[in-house]
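# Report on the structure
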Amino acid sequence: MGNGQHKPSSSLPQVLMLGLDGAGKTTILHKLKEENDNKTTSTVGFNVETINKETGKQSKTFPFTLWDLGGLGGEKSIRHLWEHHLTSREYHGIIYVVDCSDRKRLFEAKQELFTRVLEKPQTKGLPLVVIANKQDLTDALSGDKLAHDLGLTRHLDHPWHVVEVSAKSGQGLSEALDRIYSLIRKPACGPTSQFYP
């Protein structure tokens, strides 16, 4: 796990993972690194990991650096740092994790996504993958309902996709990575990405 001193290779695309506390970001990171997540605790500061994902029929490797921002105290105490991270380095994609079983905080998740991330000029046009997490719970919102409730269906400034995931089991994570890969590789406008020809 990173401790804030880690300096990942700038030759890899940088993907920022955000979400409210308890959404499952660190569990997702552990699953991607094939680590035991039974003792997952809230992230203090941030974790940084290089993830290698095989994608496509030719099993090409998709390496990228994943930044997992988190914090204790309801995480509100460090959400103001999201903007600092967005301005301090160049990111190539955003993963936003939502606890789909926590309907009481859905408005808060929407508000944070737009006011702290999508409405910032430095994120304009960045690919967005929303992880509709905790699909293993019976009362979880579907991906389509989440997209509607977050207001993504009316949002045209970012190429986006919602993927239903259970971080606990790992189900859906491969598809989420495939989506961020394809959105980074072939942006909605502009040339093909320098990272994945």
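Residues numbered from 1 in each chain as written. Predicted model: local features only at pLDDT ≥ 70, side-chain atom pairs only at ≥ 80, totals over all residues. Heavy atoms only, no water.

### Structural notes on the environment of G151
Rule in force here: Every helix listed is a DSSP run of H or I at least four residues long, and every strand listed is a run of E at least two residues long, numbered separately from the N terminus. Pairs of residues are marked as contacts when any of their non-hydrogen atoms sit within 4.5 Å.
Along the chain, the position of G151 falls in the loop between α5 (143-150) and β6 (160-164). Along the sequence, G151 and K110 sit 41 residues apart, while their C-alpha atoms lie 7.8 Å from each other. Excluding its chain neighbours within four sequence positions, the residues that come into contact with G151 are K110 and F114.

### Brief notes about the pattern of salt bridges
Put simply, the rule reads: Definition used for salt bridges: Asp or Glu carboxyl oxygen within 4 Å of a side-chain nitrogen of Lys or Arg. Relative accessibility decides the category of a residue: with a 1.4 Å probe and only protein chains considered, values under 20% of the type maximum give buried, values over 50% give exposed, and everything between is partly exposed.
The final tally for this structure, using the stated rule, is five salt bridges. Salt-bridge contacts for K134 lead to D99; the nearest nitrogen and oxygen are separated by 3.1 Å. On the criterion of sequence distance, the pair formed by K134 in the loop between β5 (128-133) and α5 and D99 in strand β4 (residues 93-99) is long-range, its members being 35 residues apart. D99 gets classed as buried once you look at its relative accessible area, which sits at 16%. Between E108 and R105 there is a salt bridge whose closest N-O contact spans 3.1 Å.

### A few points about the confidence of the model for the protein
Here is the rule: pLDDT runs from 0 to 100 and stands for how confident the predictor is about each residue.
Overall, the prediction assigns the protein a mean pLDDT of 79, with 75% of residues at 70 or greater. Confidence, read as mean pLDDT per element, is least for helix α2 (residues 76-79) in the protein (59) and greatest for β5 (97). Note that pLDDT drops below 50 for residues 1-9; the model gives that stretch 19 contacts with residues more than four away or on any other chain. Of the regions scoring below 50 in pLDDT, residues 189-197 engages in 18 contacts with residues more than four places distant in sequence or in other chains.

### Points about the nonpolar core
Cut-off, in case you're wondering: In this description, a nonpolar core means a group of buried Ala, Val, Leu, Ile, Met, Phe, Trp, Tyr and Cys residues linked to one another through side-chain atoms lying within 4.5 Å.
Residues Y96, L113, L128, V130, L146, L150 and L152 are the most contacted members of the largest nonpolar core, which totals 31 residues. Those elements giving two or more residues to this core turn out to be β1 (14-19), β2 (45-55), β3 (60-70), α3 (81-88), β4, α4 (106-118), β5 and α5. In terms of residue count, α4 provides more of this core than any other element does, six residues in total. Sequence-distant contacts of L146, defined by excluding residues within four places in its chain, comprise V98, C100, L106, V130, A132 and V162. Grouped together as the second largest cluster of nonpolar side chains are 24 residues, I28, F62, I95 and Y181 included.

### Focus: helix α1 (residues 25-32)
For α1, a buried count of seven out of eight residues is recorded, marking the element as mostly surrounded by other parts of the structure. Along α1, the positions that sit buried rather than exposed are K25, T26, T27, I28, L29, H30 and L32. E34 lies just past α1 and shows a positive phi near 55°.

### Side note on the packing of aromatic side chains
Quick note on the threshold: Two rings from Phe, Tyr or Trp (for Trp, the six-membered ring) form a pair when their centres sit within 6.5 Å of each other. Planes less than 30 degrees apart are called stacked, planes more than 60 degrees apart edge-to-face, and all others tilted.
Counted under the stated rule, the structure contains one aromatic pair. Judged by centre distance (6.3 Å) and plane angle (90°), the rings of W67 and Y91 are edge-to-face. Here W67, found in strand β3, pairs with Y91, found in the loop between α3 and β4; they are 24 residues apart in sequence, far enough to count as distant. The exposure class assigned to Y91 is buried, which follows from its relative accessible area of 5%.

### Some remarks on the packing of α4 against α5
Our working rule: Structural elements are reduced to axes, namely lines fitted to C-alpha atoms, with helices fitted over the stretch in contact, and the angle between N-to-C directions of any two is expressed from 0 to 180 degrees. Should the near helix be turned anticlockwise from the far one by less than a right angle, the crossing is left-handed, and should it be turned clockwise, the crossing is right-handed. Note on residue categories: nonpolar means Ala, Val, Leu, Ile, Met, Phe, Trp, Tyr, Cys or Pro, charged means Asp, Glu, Lys or Arg, and polar means any other residue, Gly included.
Two elements in contact, α4 and α5, have axes whose closest approach is 10 Å; the angle formed by their N-to-C orientations is 60°. In the packing of α4 onto α5, the handedness of the crossing is right-handed. In contact with L106, A109, K110, L113 and F114 of α4, α5 contributes L146, D149 and L150. When its residues are assigned to classes, the contact of α4 with α5 shows six nonpolar, no polar and two charged.

### Focus on unusual backbone geometry
Of note in the backbone geometry, K134 takes a positive phi value of approximately 70° without being a glycine. A relative accessible area of 22% places K134 in the partly exposed class.

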